[in-house]
Amino acid sequence: MILHPGILALLLGSILILLLLLVAGGVALRILRHWNADSGSATQLQLERQTWLVSTLLKYAFGFQIVTLFLFLFTLDEIHPLFVGAMCATGSLNANLVGWLVLLVKIGLVFAAAFWLAVNYLDQRTEDTPLVRIKYVTLLLLIPLVALDLWLQWEYFSGLRPQMITSCCGSLFSAEGEGVISTLAGLPVEQAMPLFFAVVLLYAVLLLASLRWRAMLLRTLLFVASVLLFFVSLAALVSFLSLYIYQMPSHQCPFDMLQGHYYYIGYPIYLGLFMATLFAMLPGLCRPLATTLSLDEELKSSEPVWLRLALFGLILFLVTSCWQMVFGPLILLGY
Amino acid sequence: MILNVKLLEYSLSSLWRRKEKNIALIIVYALVIATLGSVLLLTHALKTEAVTTLTAAPEIVVQRTQGGRHELIPVTYAETIAGFPGVGKVTPRVWGYYYDSLIKANLTLVGVEGYHEQLELLEGRFPQAADECVIGAGVAEAFGPQIGDLLVLEDSSKRRSEFRVTGIFRAASNLLTNDLVVLQEAALRDFFAMPAELATDLTVQVYNPREVSTIAKKIAYFLPDSRPITREELLHTYDSLFNWRSGMMLAVFISALMAFLILAWDRATGISAEEKREIGILKALGWETSHVLGAKLREALLISLTAFIVGLLLAWLHVFVLGAPLLMPLLKGWSVLFPTFDLTRVVDLYQLAVLGCVTIIPYLACTLIPAWKAASSDPDDVMRG
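Bear in mind the structure is a predicted one, so any value in this text is a computation, not a measurement.

### What to know about the overall build of chain B
Step number 1: On a plain count of helices and strands, chain B comes out with 13 helices and 14 strands.
Step number 2: With the C-alpha coordinates aligned to their principal axes, the bounding extent of chain B is approximately 95 × 45 × 35 Å.
Step number 3: When burial is assessed residue by residue, chain B has 40% of its 385 residues classed as buried.
Step number 4: Taking contacts inside chain B between residues at least 6 apart in sequence as the whole, the part at least 24 apart equals 81%.

Spelled out as structure tokens, the structure:
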């Protein structure tokens, strides 16, 4: 299955990302070994210039990572007709269970890279760049994750066996009909709906409170709430939001909404969810790092921006995902 | 910062100042994109064509094999299959290939039974007598007969048979009828000298799509020398085949991409003395390394996007207007007889996404380090030259 154009593109993309990170990692090692912020030597000057190279490499790698995440979902949808019983991207993932791991690692990578870039942004805005060591050690930790992503992708795609006609007979003897589960069964609607809205409410209250007060406790709670929001929202998307979006009480797929026949509504939904999660996590994550005065100053000016972006993400997510629920003709819960 | 209009203007004028170099680069880049794009567009169009053709195909086609080869199937098998619950109509089909030495092409001769529903007639009527026939648009073009003219073919014992053309086909999909000659079944059996109790294959109609695989299994169980092929399997196979072919071509052309990337790397690394001076002046004016880097990367992005659009247009023209003369023989495979059929003009987002990933990402990745090298040069060194 490797010789599918989309799969080739994905593998090529992952190899390039790995190469970019390896170059960045090489520079990071040099920086970690020789970095001395107090020195004015030529080496230090050169190292300071190289930090720009690293952050640019990472920015691009992160951008490519997002693109390949969507291309991965796109490809899954494209290849599903090759598998008996598969109806959408979920079916392609079920055809070789490693696929779920690939998806997990890819999402994890996108978050990790975004955190790294946020910390890097803060650090580069200060004069004394106090976070250099933490930054470059975590960068080195990202490399194995990217390599894992590439390897898992290879395992997934090379393990796919599309059903084809063989020379003696049809394939029907190899595939046992619709043995593959093609939809995800979610939580029951009655429980999922209150849970989802409770978490959204909790998150929104904490977000607004964080915008008003600068207490550390609020940031920590918001961090927890946004992680909760991410997973509960994914569950809600599978459990009932997708039903409203497709207007079909049996279609529970989190991937189909990314397709053209649903007007690509999935993109704003996932973008909103991603922004709401990421930007609400950042204050809680960066505060413990802000040990110096310069960083604290930077954080003070960045935090409100992040929180507003998170709020915007939440609104985008809620509007696009719940629009059909409020205004659509499908009624899921009887009254 | 990327959206800053003034900076964009600066990047554009900077590109324009070195237009010979950049235009040459864009041309080569666009040609690479056009090559890869043609492969993707063409396979997608052929796949769409095959899928439209197959939606009209019967649920199951049953062939007989003997010694691993396709053999004529006894018509009595049709009755056995028609006895299974859930099976609708079972139709024995008579068809075969005919090589015409005059136009040097293969024609497909089919008996009118079993084909009726699938084809829509453009003009004329179906054959009603033994010496009448209906032909595909491609056949009409190659031989030149119109409705009412005679089509002359040589049968298996080299006797001359004349058929009067009563209609010319134009089906939803060209691939299906282009090389078709439809005769009455008895006339065709006579032409091929095929005994009345045998047929080429059987088509089986199944009412419930979920029962197709069960019925196919039953057929294989009760008629062990038969080979049932379901429509789904045909679709899978075509899909895999085209994916494999285009993937193969892509893998071959990626070497061309590599060669281009080396060129691009080289171009980006070897910046001219004038360019170095420019960077030096910018830095002396107060630009930081990150600003120069941003400008350089914006230039790379502009080149990429321009080349992508130009390349995509070229690919579109090559595939859909010219009919992909450079790739068709490699990709099409099954019908070298009438190479000029109109491809369905479809470009979907997925093909564009794949093309973008394969071409833009590597180019950007490969200009990153040279751009940084240029941007981090010391203004003092550069100005002194």
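### Thoughts on the overall build of chain A
Step number 1: In terms of regular secondary structure, chain A is built from 9 helices and 0 strands.
Step number 2: Reading the secondary structure of chain A in the N-to-C direction produces α-α-α-α-α-α-α-α-α.
Step number 3: When the backbone C-alpha atoms are referred to their principal axes, chain A occupies close to 75 × 55 × 25 Å.
Step number 4: Looking at chain A as a whole, 40% of its 335 residues qualify as buried.
Step number 5: In chain A, 75% of the contacts between residues at least 6 apart in sequence involve partners at least 24 apart.

### Structural notes on the interface of chain B and chain A
Step number 1: The partner chain A presents 34 residues to the 39 residues of chain B that form the contact.
Step number 2: Broken down by secondary-structure element, the contributors of at least two residues to the side of chain B that touches chain A are α7 (212-222), β14 (226-230), α8 (231-269), α10 (289-321) and α12 (349-375) of chain B.
Step number 3: Across the side of chain B that touches chain A, the residue classes tally to 24 nonpolar, 11 polar and 4 charged.

### Observations concerning the environment of Thr269(B)
Residue and element names in this part refer to chain B.
Step number 1: Inspection of the secondary structure puts Thr269 in helix α8.
Step number 2: When the 13 C-beta atoms within 10 Å are taken as the criterion, Thr269 is described as partly exposed.
Step number 3: Each C-alpha atom of the pair Thr269 and Ala371 lies 7.6 Å from the other, and the pair is 102 residues apart in sequence.

### Structural notes on unusual backbone geometry
Step number 1: The backbone of Tyr263(A) sits at a positive phi, close to 55°, despite the residue not being glycine.
Step number 2: With respect to the element layout, Tyr263(A) can be found in the loop between α7 (216-246) and α8 (266-286).
Step number 3: Residue class for Tyr263(A) comes out exposed when judged on the 10 C-beta atoms lying within 10 Å of it.
Step number 4: Phi at Ala193(B) takes a positive value of approximately 55°, unusual for a residue other than glycine.

### Description of helix α6 (residues 185-192) of chain B
Residues and elements named next belong to chain B.
Step number 1: Considered for burial, the residues of α6 that qualify are Glu185, Ala187, Leu188, Phe191 and Phe192. Axial view of α6: buried residues confined to an arc of 160°, hence all on one face.
Step number 2: Structurally, α6 contributes buried residues whose contacts are with β5 (95-100), β6 (105-111), β10 (160-169) and β11 (180-183).
Step number 3: Ala193, located one to two residues past α6, shows a positive phi value of around 55°.

### Quick word on the confidence of the model for chain A
All names here are of chain A.
Step number 1: On average, residues of chain A carry a pLDDT of 85, and 92% of them reach 70 or more.
Step number 2: When the elements of chain A are averaged for pLDDT, helix α3 (residues 89-95) gives the smallest value, 80, and helix α1 (residues 5-34) the largest, 93.
Step number 3: When the criterion is pLDDT under 50, residues 167-182 qualifies, and its contacts beyond four places in sequence or with other chains add up to 37 contacts.

### Topic: the environment of Leu343(B)
Residues and elements named next belong to chain B.
Step number 1: Topologically, Leu343 is positioned in the loop between α11 (328-331) and α12.
Step number 2: In this structure the C-alpha to C-alpha distance between Leu343 and Phe143, which are 200 residues apart in sequence, comes to 22 Å.
Step number 3: When sequence neighbours within four positions are dropped, the list of residues in contact with Leu343 reads Ala45, Glu49, Val319 and Phe320.

### Details of the environment of Asn36(A)
Residue and element names in this part refer to chain A.
Step number 1: With respect to the helices, strands and loops of the structure, Asn36 is situated in the loop between α1 and α2 (42-79).
Step number 2: Given 10 C-beta atoms within a 10 Å radius, Asn36 is considered exposed.
Step number 3: It is 10.0 Å that separates the C-alpha atoms of Asn36 and Glu48, two residues lying 12 residues apart in sequence.

### Section: the packing of α7(A) against α8(A)
All names here are of chain A.
Step number 1: Direction vectors running N to C along α7 and α8 enclose 155°, while the axes themselves pass 7 Å from each other. Put simply, α7 runs roughly antiparallel to α8. For the pair α7 and α8, the crossing hand works out as left-handed. In this structure, α7 contributes Arg219, Thr220, Leu222, Phe223, Ser226, Leu229, Phe230 and Ser233 to the contact, and α8 contributes Leu273, Ala276, Thr277, Ala280, Met281, Pro283, Gly284 and Leu285.

### A word on the pairing of β14(B)
All names here are of chain B.
Step number 1: The buried fraction of β14 amounts to 5 of the 5 residues, a majority that puts the element mostly inside the structure.
Step number 2: Of the two faces of β14, the one carrying Ser226, Pro228 and Thr230 and the one carrying Arg227 and Ile229 are both buried.
Step number 3: Summarising the sheet, strand β1 (residues 60-66) and β14 pair through 5 bridges and their orientation is antiparallel. Pairing of Val61 across the sheet is with Ile229, part of β14.

### Observations regarding the nonpolar core
Step number 1: Residues Leu20(A), Leu57(A), Ala61(A), Ala310(A), Tyr29(B), Ile33(B) and Ala371(B) are the most contacted members of the largest nonpolar core, which totals 140 residues.
Step number 2: Grouped together as the second largest cluster of nonpolar side chains are 41 residues, Phe169(B), Val182(B), Leu202(B) and Val212(B) included.

### A short note on the domain arrangement of chain A
Residues and elements named next belong to chain A.
Step number 1: Its domain assignment divides chain A into domain 1 (5-173) and domain 2 (189-327).
Step number 2: Here the C-alpha centre of domain 2 lies 23 Å away from the C-alpha centre of domain 1.
Step number 3: At the junction of the two partners, domain 1 supplies 19 residues and domain 2 supplies 16 residues.
Step number 4: Contributions of two or more residues to the side of domain 1 that touches domain 2 are made by α2, α3 and α4 (98-125).

### Thoughts on helix α6 (residues 189-212) of chain A
Working note: α-helix, 3.6 residues per turn, so residues spaced by three or four point in the same direction.
Step number 1: Given a rise of 1.5 Å per residue, 24 residues ought to cover 34 Å, and the 34 Å separating the end C-alpha atoms of α6(A) matches this to within 8%.
Step number 2: Those residues of α6(A) that are buried lie in contact with α7, α8 and α9 (293-327) of chain A.

Calculation rules
- Counting restarts for each chain: residues are numbered from 1 in the order of the written sequence.
- Here the convention is simple: chains get letters from A, ligands get numbers from 1, in the order in which they are written.
- The predicted nature of this model means local features are confined to residues of pLDDT at least 70 and side-chain atom pairs, given and counted, to a pLDDT of 80 or more, with totals for whole chains, interfaces and linings taken over all residues.
- Secondary structure counts use DSSP, requiring at least four H or I residues in a row for a helix and at least two E residues in a row for a strand, with both numbered from the N terminus.
- The exposure scheme places C-beta atoms from the backbone and then counts, for each residue, the other C-beta atoms within 10 Å of its own, assigning buried at 20 or more, exposed at 12 or fewer, and partly exposed in between.
- Contacts are defined on C-beta atoms placed from the backbone: any two residues whose C-beta positions lie within 7 Å are in contact.
- Three categories are distinguished: nonpolar for Ala, Val, Leu, Ile, Met, Phe, Trp, Tyr, Cys and Pro, charged for Asp, Glu, Lys and Arg, and polar for the others, with Gly belonging to the last.
- This arc describes the spread of directions from the helix axis toward the C-beta atoms.
- The score called pLDDT rates the predictor's confidence residue by residue, from a low of 0 to a high of 100.
- The convention used is that axes are lines fitted to C-alpha atoms, helices contributing only their stretch in contact, and that angles between N-to-C directions extend from 0 to 180 degrees.
- Oblique is the label for any angle not covered by the other classes, which are roughly parallel (under 35 degrees), roughly antiparallel (over 145) and roughly perpendicular (65 to 115).
- Two helices that cross are described as forming a left-handed crossing if the nearer one is turned anticlockwise from the farther one by less than a right angle, and a right-handed crossing if clockwise.
- At least two DSSP bridges between two strands are needed for those strands to be called paired.
- Here a nonpolar core is just a set of buried residues of the types Ala, Val, Leu, Ile, Met, Phe, Trp, Tyr and Cys, joined wherever their C-beta atoms sit within 7 Å.
- Residue ranges for the domains originate in an automatic or database domain assignment.
- Each residue after the first adds 1.5 Å to the expected span of a helix.

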